Amino acid sequence: KSTARRGDSSTTQDQASSRRTPILELRAVSCAYETGRPAIVDISLCALEGEILCLLGPSGCGKTTTLRAIAGFEPVINGEIVLGDRLVSSPTAFVPTEERHIGMVFQEYALFPHLRVMENITFGLNHLTREAQRAEADRLLQLTGLTGLDRRYPHELSGGQQQRVALARALAQKPVLLLLDEPFSNLDPDMRGKMREDLRRLLRETHMTAVLVTHDHEEAFAMADRIAVLNQGRVEQVDTPEAIYHTPSSPFVADFVGQADFIPGTVQNGTVLTELGTFPNEGDYPVGMQVVVLIRPDDVHIMPSKEGLGRIVSRQFRGSENYYRIQLPSGRPVHSTESSTSIYPIGTTVQVRVLASHTVLFEKRLVQPPPTGTNEP
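Computed from a predicted structure; not experimentally measured.

Peer 1: How should the overall build of the protein be read in this particular structure?
Peer 2: Counting secondary structure elements, the protein contains nine helices and 20 strands. Along the first, second and third principal axes, the C-alpha atoms of the protein reach 80 × 50 × 45 Å. Looking at the 377 residues of the protein, the share that counts as buried comes to 49%. By sequence separation, contacts in the protein at least 24 residues apart represent 66% of the contacts at least 6 residues apart. As displayed, the protein offers around 18500 Å² of accessible surface, 50% of which is attributable to carbon and sulfur atoms. For the protein, the distance from the average site of its 38 positive side-chain charges to the average site of its 45 negative ones is 2 Å.

Written out as structure tokens, the structure reads:
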């Protein structure tokens, strides 16, 4: 159980989404490994027309299995997968991958090394005339920023250029849905950020519906209209990036999408009493109940003070900000992000103030205790 308020922007986005047509629907879909052990259980999702839906979660959570089931690479043992208005997977029905009109971009890009860029893009367009193939390839080369590279081989391209070729080849097939499996994992950090922006712009320009798989919450936040967080084969929450971060539905989601500190408290007289002060009892928990308050580093502000109850135990300089770990009197850690010029020595005693625009509470029994020690995870 958790509680938090969602802003007007989420409501407006929800209303806009309700007017779009579902392109992909997963209805209580389950898949199993060859051993019979469940891989995903009762997955229900939809991707709306022109939407970027992200499947986010740790390794082994079921996100790649979900993607493979959508593509037709994994059989469904329960539930249904509907593409457009067509049932493509169920325990009794199956449409082959090549008949689903789905485009795919994999981690390795899977380009044909012996074919030039132009030939890679037009592969599979044999139903068109040579002139039509050339015109379509030229359009995609311009759209993906590859103009002038049409006669190069894959090994003559950078990682980012190879990804663009793979994307152009997928779009050349005019898919109804584009599947992206960790498409940025082979790029260096600087290139990764640029490619996120370029890919998002390209998907918007082509009005393409896409499902992106990633384990990186920053990547999901940068790319997705909505995020489905998976854990142990099940969906924990589906919502906008803002709602996933600010109003997570479970401690797992809260911890996975960013640094999360869980401060214990007791419900008393309509508020929650903690060592960092009192917070609203947004969930109407009963008096005396043990709960935790979710605290993000950007909610925590510190100021050096001899009377302060916190003590700085570590600092990481991150360019635009300093990331502090503070030890509270109980020994429990809390984290704070301050400006890059706010530099305080380790061991400094500080006042700790929490300025949060909303409160998220969980039952204490649902939250694992934090690790001991002062080393950063």
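Peer 1: Would you explain the layout of surface pockets in this entry?
Peer 2: To find leftover empty space, a probe the size of one water molecule is rolled over the atoms. Considering only enclosed or pocket space, the second largest pocket measures out at about 410 Å³ in volume. What lines the second largest pocket is a set of 17 residues, and nearest its centre among them are Ile102, Gly103, Met104, Ala170 and Gln173. Within the residue set of the lining of the second largest pocket, elements represented by two or more residues are strand E6 (102-105) and helix H5 (159-172). For the lining of the second largest pocket, the leading source of residues is E6, giving four residues.

Peer 1: Which parts of the structure should I look at to understand the environment of arginine 100?
Peer 2: With respect to the helices, strands and loops of the structure, arginine 100 is situated in the loop between strand E5 (86-89) and E6. When the C-alpha positions of arginine 100 and threonine 209 are compared, they lie 14 Å apart, and in sequence the two are 109 residues distant. Beyond its immediate sequence surroundings of up to four residues, arginine 100 is in contact with Ala69, Ile70, Ala71, Gly72, Leu83, Val88, Ser89, Phe94, Val95 and Val176.

Rules used in this analysis
- Residues numbered from 1 in each chain as written.
- Predicted model: local features only at pLDDT ≥ 70, side-chain atom pairs only at ≥ 80, totals over all residues.
- Heavy atoms only, no water.
- Helix = DSSP H or I, 4+ residues; strand = E, 2+ residues; numbered from the N terminus.
- Buried < 20%, exposed > 50% of the residue type's maximum accessible area, 1.4 Å probe, protein only.
- Contact = heavy atoms within 4.5 Å.
- Areas by Shrake-Rupley, 256 points an atom, 1.4 Å probe, with all protein chains shown as cover.
- Lys, Arg positive; Asp, Glu negative; His and termini not counted.
- Charge placed at Lys NZ, Arg CZ, Asp CG, Glu CD.
- 1 Å grid on protein atoms, 1.4 Å probe; cavity = no way out; pocket = protein on both sides within 12 Å on 5 of 7 lines; lining within 4 Å.
- Points joined across faces, edges and corners; volume = space filled by probe spheres on them.

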